[in-house]
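Spelled out, the chains give:
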Amino acid sequence: MKKKVISALLCVAMVSSMLIGCGSKTEPAETPAETEAEAEAPAEAEAPAEEASAEGGSVYYLNFKPEQADQWVALAEKYTEETGVQVDVVTAASGTYESTLKSEIAKTDAPTLFQVNGPVGLATWKDYCYDLSGSELYKNVKSDDFVLKDGDAVKGIAYVIETYGIIYNKSIMADYLTKDYAVVSDVSEINSFEQLKAVAESIQANKEDLGVEGAFTSAGMDSSSDWRFKTHLANLPIYYEYEGNGYSSVEAIQGTYLDNYHQIWDLYINNATCAPTLLSSKTGDEAEAEFALGEAVFFQNGTWEYGNLINAGMTDDDLGMLPIYIGVDGEENQGLCTGSENYWCVNSQASEADIQATLDFLAWVITSDEGRNAMANEMGFLTPFSTFDDGYVAENALIAAADEYIAAGKKSVAWCFPTMPSETWKNGVGSALTEYAAGTGNWDAVVTAFVDGWAAEYEAANN
Amino acid sequence: MEKTIKKYFPIFALPTAAAFTVFFIFPFIMGVYLSFCSFTTVKDAKWIGFSNYTKIWGDPTFVHALWYTALFSIIAVVSINVLAFAIALLLTKGIKGTNIFRTVFFMPNLIGGIVLGYIWQLIFNGILARYDLTLTFSEKYGFWGLVILLNWQQIGYMMIIYIAGIQNVPGDLIEAAKIDGASKFQILKNVTIPMVMPSITICTFLTLTNAFKLFDQNLALTAGNPSNRSELLALNIYNTFYGRNGWEGVGQAKAVVFFILVAVIAIIQLRATRSKEVQQ
């Protein structure tokens, strides 16, 4: 009998331990979020905590951009040294910002400064956004184009303007132009999808001669890289549809330009460094390495990638950027894709003192020499603030390429992807693209995910 | 003695009871409450009644994940227990190096799920790359990949429990069976297995619930690709929670349904195997 009691007790212990495991699973997202916060903990610890209470408020910035994580921590330390106000910076890992923010903001020490990606992000967080209309930030922003508004209230202000397109390796391109199989005599002749396709295919056909593995880097559909296609590349058909109809967001998309999306995707996957069936496992780092090592000529990415490419051993002379041509009429005048999906918001539910400390910190960042230097030169941000005009304009080869297109009178493609209805929509399109590339799905599935998925997700997210 | 234990019972039970309340009971009640709410963060929830629950059944990915998980659990439970029991039998025969083998088989259990998932993803993709394929090419690959991974991880743990059970089978029972002329298979079927029934109860319970609740391995191995078709229930809940604005409550409702499901299955399984146990 005693044995039975013991075994029953053991069973109960087992069951309860399993149930505890089960209980924590109901909020599984806590885990990645926590680890991210932990990862930055040593950096926070360095900030002198005892001075924190000097002004009564402190700043907690939840940063979106892992590329600039170290620079933000350094800048925060400098500010703490100067004013005694504590500034903590935590950076969310790539792709986990929304989940990190969701769990962080429910804490007692919630972020006082966070960011949203645009109108759809604002819809989630508008109850947490302090009205910035009286702030130093808003006074110095160059135009309302860089501001997110809810009625008259200024809810978010963009702090960086970015550009993406097809980055190309100038050295290999120059080599290609000297060959007799070159179909253009100068890069500037690539001004339409037809030309881009002809160039890419002739590079692909002669890849041994040029010493490359393919014309394009692998269009990896791993989660570290799939945003380049399901979000950034998908922006082009959406942009042209919005332009043609004159609206800025929509409940149901028609997919007028999906044939163009089809042909650019075909071009990417059939003229790349690897077989299309392998794309689902290819990562962003692999594509970056292929480009930096000169194994591919074209790499769809943006100005934020500059630092990584330079660190990987490339020089300014290697880097150029082409617009993404998808075969729309009049695209000779199309420029690069320029916009912002990084809007600063101040947490309205933080204490008065913390809000004030955060506003002061932001004002310092955009007006002081240290702040402006850090943002423009160390982080390489092109900002929309007038205070940066006197000598604090970010300079690098990719930004220069973007400026050239604007100077030449080309029309920049606006960033419409912040109006995509939900993450689920993006994932649906991404999966359909992957399956199409692998040969297990057909293009109709992409069209369904794009058009029907949009309507369904808009409905699901707004009702 | 009994009296003293009774007297100090609250003091000894307090720390655990407090921890259990704070880390289990409270989050659990809050979780159930949130499943009836519309919320962005857990702090500002608005009561909306049953509409989260009605939305669950309109979501085709949930129904798919349910069947996929059920099938996965059945195959994983059978394969893990059969293999673990077989290895446990081998390692109680007193062959040379038994302790080393036991350690080696147990080791995989010490590695965390996420790490394991990424390691196996590399292995599988490395093999499949020879045929220009990847793990997310088809949901079948992800399915068998998960089965292999979970087998590799859990066989060692279950093996230890079975070894303990087998070693507890009284030697005189087996001897008596031998004298009666029982064959090796008859001894296994009529003596060993009935005697280790308590171990079988625990092992099937652990593997069943683990397979049902599998999350990290699924996330690291396939992340539900292609098109959510290799998504197990736990990952489906996670993706619902973070996939759309305003669907946090639906994810929470799914989690409640999930809890009830796991609890019911576990209780049925416990009843079924407990009834086969013999009293020594």
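As the structure is a computational prediction, the values presented were derived from the model and not from experiment. (Residues numbered from 1 in each chain as written. Chains lettered and ligands numbered in written order. Predicted model: local features only at pLDDT ≥ 70, side-chain atom pairs only at ≥ 80, totals over all residues.)

A separate point is the overall build of chain B. Of the regular secondary structure elements, chain B holds 12 helices and two strands. Expressed along its principal axes, the backbone C-alpha trace of chain B runs to roughly 70 × 70 × 30 Å. Here chain B holds 280 residues, and 37% of them are scored as buried. Here the contacts in chain B between residues at least 6 apart in sequence split such that 75% fall between residues at least 24 apart. (Helix = DSSP H or I, 4+ residues; strand = E, 2+ residues; numbered from the N terminus. Buried ≥ 20, exposed ≤ 12 C-beta atoms within 10 Å, placed from the backbone. Contact = placed C-beta atoms within 7 Å.)

With that settled, consider the overall build of chain A. For chain A, the helix and strand inventory stands at 19 helices and 12 strands. In chain A, buried positions account for 50% of the 463 residues. Considering only contacts within chain A whose residues lie at least 6 apart along the sequence, 76% involve residues at least 24 apart.

Further remarks concern the environment of A:Trp344. All names here are of chain A. As for its placement among the helices and strands, Trp 344 is situated in strand E11 (residues 343–346). Sequence separation between Trp 344 and Gln 86 is 258 residues, and the spatial gap between their C-alpha atoms is 19 Å. The residues touching Trp 344, leaving out its near neighbours within four places in the chain, are Leu 113, Gln 115, Gly 156, Ile 157, Tyr 159 and Leu 362.

Another point: the interface of chain A and chain B. Between chain A and chain B, the residue contacts involve 37 residues of the former and 39 residues of the latter. When contributions to the side of chain A that touches chain B are tallied by element, the ones reaching two or more residues are helix H1 (2–25), helix H4 (97–104), helix H5 (119–125), helix H18 (423–438) and helix H19 (443–462) of chain A. Top contributing element to the side of chain A that touches chain B by residue count: H1(A), with nine residues. Looking at the side of chain A that touches chain B residue by residue, the class counts come to 15 nonpolar, 15 polar and seven charged. (Nonpolar A, V, L, I, M, F, W, Y, C, P; charged D, E, K, R; others polar.)

All names here are of chain B. Taken residue by residue, chain B gives an average pLDDT of 88. The fraction at 70 or more is 99%. No element of chain B has a lower mean pLDDT than strand E2 (residues 46–47), which averages 86, and none a higher one than helix H3 (residues 60–90), which averages 93. The ipTM value of the predicted complex is 0.72, and its pTM value is 0.78. (pLDDT = per-residue confidence, 0-100.)

Taking burial as the measure, the nine residues of helix H7 (residues 171–179) of chain B include zero buried ones, a minor fraction of the element. Directly after H7(B), the chain includes B:Gly181, whose backbone phi takes a positive value near 90°.

Below, the discussion takes up the domain arrangement of chain A. Residue and element names in this part refer to chain A. Under the domain assignment used here, chain A contains domain 1 (33–161 + 340–389) and domain 2 (164–337 + 407–462). Placing the centre of domain 1 and that of domain 2 at their C-alpha centroids yields a distance of 31 Å. Every contact between the two is made by 11 residues of domain 1 and, on the other side, 11 residues of domain 2. For the side of domain 1 that touches domain 2, the residue count by class is two nonpolar, seven polar and two charged. (Domains from an automatic or database assignment.)

Residue and element names in this part refer to chain A. Among the structural elements, Lys 282 can be located in the loop between helix H12 (258–270) and helix H13 (284–292). Under the C-beta neighbour-count criterion, Lys 282 is labelled buried, with 24 such atoms within 10 Å. A C-alpha to C-alpha distance of 38 Å links Lys 282 and Phe 385, two positions 103 residues apart in sequence. If near-sequence neighbours (up to four positions away) are discounted, Lys 282 is found in contact with Ser 218, Gly 220, Met 221, Asp 222, Ser 225, Cys 274 and Ala 287.

Residues and elements named next belong to chain B. Contact pair H3 / helix H9 (residues 197–212): the axes reach a minimum separation of 9 Å and the direction vectors enclose 145°. Relative to H9, the crossing made by H3 is right-handed. Across the interface between the two elements, Thr 69, Phe 72, Ser 73, Ala 76, Val 77, Ile 80, Asn 81 and Ala 84 of H3 pack against Cys 203, Thr 204, Thr 207, Leu 208, Ala 211 and Phe 212 of H9. (Axes fitted to C-alpha atoms, helices over the stretch in contact; angles between N-to-C directions. Left-handed = near helix turned anticlockwise from the far one by under 90°.)

The next subject is unusual backbone geometry. Of note, B:Ala223 is a non-glycine position whose phi angle comes to about 50°, a positive value. If you trace the backbone, B:Ala223 turns up in the loop between helix H10 (216–221) and helix H11 (233–243).

Our focus in this paragraph is the pairing of strand E9 (residues 319–322) of chain A. Residue and element names in this part refer to chain A. On E9, burial covers both faces: Leu 319 and Met 321 on one face and Gly 320 and Leu 322 on the other are all buried. For strand E6 (residues 162–169) and E9, the ladder comprises four bridges, and the chain directions are antiparallel. Looking across to E9, one finds that Asn 169 is bridged to Leu 319. (Pairing = 2+ DSSP bridges.)

Further remarks concern the confidence of the model for chain A. Of all residues in chain A, 88% attain a pLDDT of 70 or more, and the chain-wide mean is 84. Long-range and interchain partners of residues 17–54 of chain A, a stretch whose pLDDT sits below 50, account for 52 contacts in this model, where long-range means more than four residues apart.

Residue and element names in this part refer to chain A. The buried count for strand E10 (residues 334–339) comes to five of six residues, which makes it a mostly enclosed element. Where E6 and E10 come together, three bridges link them in antiparallel fashion. Following the sheet pairing, Glu 162 is matched in E10 by Gly 339.

All names here are of chain B. Here Phe 36 shows up in the loop between helix H1 (2–34) and strand E1 (37–38). The class for Phe 36 is partly exposed, based on 19 C-beta atoms found within 10 Å. Leaving out residues up to four positions away in the same chain, Phe 36 has contacts with Trp 47, Ile 48, Gly 49 and Asn 52.

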